[in-house]
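# Structural features, examined
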Protein chains: 2
Amino acid sequence: MKATINDVAKLAGVSIKTVSRVINNEPGVRQNTIDKVTAAVTELNYQPNQSARSLAGNKSYVVGFVYDNPNAYYIIDMQHGILDACKKHHFELLIHPVDSKSDNLLNELKDMLRQSRVSGLVLTPPLSEMTEVTDMLTETGVKFVRVISGKNQTLSTPCVFIDDRTAAFNITKHLIEQGHNKIAFFSGEEVHHSTGERLAGYLDALKAHNLDSRDEWIFAGEYSFESGVENGKKLVELTDRPTAVFACNDEIAAGTLFAARLQGLDVPADLAIAGFEDNPFSRQTWPKLTTAAQPTKTIASQAAELLFKHLRLPAKKEQVIENCMFEPELVVRESTKP
Amino acid sequence: MKATINDVAKLAGVSIKTVSRVINNEPGVRQNTIDKVTAAVTELNYQPNQSARSLAGNKSYVVGFVYDNPNAYYIIDMQHGILDACKKHHFELLIHPVDSKSDNLLNELKDMLRQSRVSGLVLTPPLSEMTEVTDMLTETGVKFVRVISGKNQTLSTPCVFIDDRTAAFNITKHLIEQGHNKIAFFSGEEVHHSTGERLAGYLDALKAHNLDSRDEWIFAGEYSFESGVENGKKLVELTDRPTAVFACNDEIAAGTLFAARLQGLDVPADLAIAGFEDNPFSRQTWPKLTTAAQPTKTIASQAAELLFKHLRLPAKKEQVIENCMFEPELVVRESTKP
DNA sequence: AAATAGTTTGACAGCGTTGTCATTTGTTTG
DNA sequence: CAAACAAATGACAACGCTGTCAAACTATTT
């Protein structure tokens, strides 16, 4: 019924090993032979049996996406981006949500690696930024690519950098250009490097415009709607209240918006609010949110592509590690317009 | 390094076949032997090699989740619910987003089935409700479970039913009880059975309360924010305008909310709005949305469990098909409170 | 034309399981 | 207590592919 490599070999008049060579793009096959084999493959609509392939070759043709992130939009975009790359390279994708705060995280990951025979992993924040995790993976010998917050730099593992700092600088600059000189910063969790990077960008911009930063305008928090609500409430209690808020992501911004309404503040007249990430719902709030857009799906494909390159490399100590960087782009909407 | 079935057999003092029996819960092994083997398995931390298993047994230990749905929250919840069940049964999950409107849909699905050797599928609307798709799958012999909108009934394939009609009835009843007697209905896409079911429930409720339904109060649309905005704008142009809207899902409801603000209408004073699905953002709008909550993650686990049961069944023609049903639950929030 | 080196191909043994069927062990019965 | 049967276990050949290494070609040199 289903064609095997044997059928292809017979039809093409070569040995199964040669068919195997053609299928795996191994060198040292005459063009003429390649053509015969490919013809036979198409005629029989032959699909290699992945189980047999990985059993015999002790490889897996599966990559894993390990994540801990409550943001559904982000995860879906990441998944779809990785899937695109997987399709191109004939790999399969295994998704593996975890709890990064679990005490058992490392063991759980080890178990997963053991069971699921993935040949590589894509990691996103906060996991990609936790040294325990990356150390463990390096030790285990599993190859992985990380999406992390920061500027392009050479690390010993392949990375996709997100230049949050510059993007945050641009957002803050935009707020300043709208006439604001008292701007609050609503943080996300500190385990996310993005929080620190965005704060740095915010401070950079203040300094560049000779504005003072004030500690009481920098609010600790987390990447959630509720955190935005909470800090929004605190904000209005301040004497000499800031007239603008730079929220570390759109969820916080949405929460801040909610709090503003609770307090009877008009946005943007009484309080301008900017978010970060360009989640779909940043276009569905009233008013729509100014934010910094990052092309998550493209980032994901890039990360996966880096992983595939890395998987093909021999396991040498010394080698050039490929990286790439993305800079989220300012998107101005009604929540910060005068 | 990594333990094989041979190591376990040696340690337990039995043949590899017996170890295999124990691992697969096959009958006809003495309890005493089972214990010896399990002990050896734990001691060596043995994990069966999935590739070898599926090659030898010609089975796959992989289920697929095929979907076409732009709602990230829904998809993530489905994925995580299915994953929970998979973990329990030692299966892996393959995700496969498709475009249900593509001309090539059926071929694409066939290719995917051929390549990825899944042993079963979970389908959600609209795919689960497209007869071309289900027919093709039945023909191909792939087992699958569907999540569909409708009341519990016996079909030839296992299903998880969502009783949208009753839930829609309850929502409409709630609006009526708030004193509304002119209630508009904002539809989703008609390919989704849920649209028809929810409309039916809406009409049921009107009739039950002796209210007339009017054709111009039933708006065609789709499951999107934009559709809600558009129909919201149309709504206000009506003379004798409805005072309440039952939107087919939360996104439409959010759009309607947006349109209301555009028009300077207060929600709920001038216009009450109810949604459906209980997406997280239904709690993040202002005011928060009344909606019908469906336990997506539980639904997903149930669906996967049904699939696993079905996979174990021999491929007979005559057999009892297991089903189950969920009824979304009314959640009253500020968008409909007087 | 023979010798050499390089290139292309094939034979065959695994990879770690499960399926089949034969063998052993245990239990019941006349 | 042997015969007859059932229950538990094992030996061994697949499963479809890749890795290894030897064989068969081809091209180049002497």
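Not measured: the values here are computed from a predicted model. (Residues numbered from 1 in each chain as written. Chains lettered and ligands numbered in written order. Predicted model: local features only at pLDDT ≥ 70, side-chain atom pairs only at ≥ 80, totals over all residues. Heavy atoms only, no water.)

## Thoughts on the overall build of chain A
In terms of helices and strands, chain A carries twelve helices and twelve strands. Projected onto its principal axes, the C-alpha coordinates of chain A cover approximately 85 × 40 × 35 Å. In chain A, which comprises 338 residues, the proportion classed as buried is 54%. Residue pairs in contact within chain A that sit at least 24 positions apart in sequence constitute 72% of those at least 6 positions apart. Separation of charge centres in chain A, based on 36 positive and 43 negative side chains, amounts to 10 Å. (Helix = DSSP H or I, 4+ residues; strand = E, 2+ residues; numbered from the N terminus. Buried < 20%, exposed > 50% of the residue type's maximum accessible area, 1.4 Å probe, protein only. Contact = heavy atoms within 4.5 Å. Lys, Arg positive; Asp, Glu negative; His and termini not counted. Charge placed at Lys NZ, Arg CZ, Asp CG, Glu CD.)

## Observations concerning the protein's contact with DNA strand C
Taken together, the neighbourhood of DNA strand C is formed by 26 residues, with A:Thr18, A:Arg21, A:Thr33, B:Ser20 and B:Ala56 sitting nearest. Those atoms of DNA strand C that come within 4 Å of the protein belong to sugar or phosphate at a rate of 63%. At a separation of 2.7 Å, a phosphate oxygen of DNA strand C approaches a polar side-chain atom of B:Tyr46. (Near = heavy atom within 4 Å. Polar contact = N/O pair within 3.5 Å; in protein donor to acceptor, adjacent residues only side chain to side chain.)

## Overview of the interface of chain B and chain A
With 37 residues of chain B at the contact, the number on the chain A side is 37 residues. Where chain B abuts chain A, roughly 4000 Å² becomes buried across the two surfaces, and 59% of that area is made up of carbon and sulfur atoms. Of all residues in chain B, B:Arg114, B:Gln284 and B:Trp286 give up the largest surface area on contact with chain A, accounting jointly for 17% of the area buried on that side. Linking chain B to chain A there are zero salt bridges. (Buried area = accessible area lost by both parts, 1.4 Å probe. Salt bridge = Lys/Arg side-chain N within 4 Å of Asp/Glu carboxyl O.)

## Quick look at the layout of surface pockets
If you add up the space inside the second largest pocket, you get close to 1100 Å³. If you trace the second largest pocket, you find 49 residues lining it, with B:Asn69, B:Pro70, B:Asn71, B:Tyr223 and B:Glu251 closest to the centre. Those elements giving two or more residues to the lining of the second largest pocket turn out to be helix H5 (72-89) of chain A together with helix H5 (72-89), strand S4 (143-149), helix H9 (193-208), helix H10 (225-237), helix H11 (250-262) and helix H12 (296-312) of chain B. (1 Å grid on protein atoms, 1.4 Å probe; cavity = no way out; pocket = protein on both sides within 12 Å on 5 of 7 lines; lining within 4 Å. Points joined across faces, edges and corners; volume = space filled by probe spheres on them.)

## Looking at the protein's contact with DNA strand D
Of all residues adjacent to DNA strand D, which total 26 residues, the nearest are A:Ile5, A:Ser20, A:Tyr46, B:Arg21 and B:Thr33. Looking at DNA strand D alone, sugar and phosphate atoms form 66% of those within 4 Å of the protein. Take B:Ser15: an N or O atom from its main chain is 2.7 Å from a phosphate oxygen of DNA strand D. Between DNA strand D and B:Thr33 there is a distance of 2.5 Å, counted from a phosphate oxygen to a side-chain nitrogen or oxygen. At the level of elements, helix H2 (16-23) and helix H4 (50-57) of chain A together with helix H2 (16-23) and helix H4 (50-57) of chain B are the ones that each hand at least two residues to the surface near DNA strand D. Ranked by residues supplied to the surface near DNA strand D, first place goes to H4(A) with four residues. Residue composition of the surface near DNA strand D, by class: ten nonpolar, nine polar and seven charged. (Nonpolar A, V, L, I, M, F, W, Y, C, P; charged D, E, K, R; others polar.)

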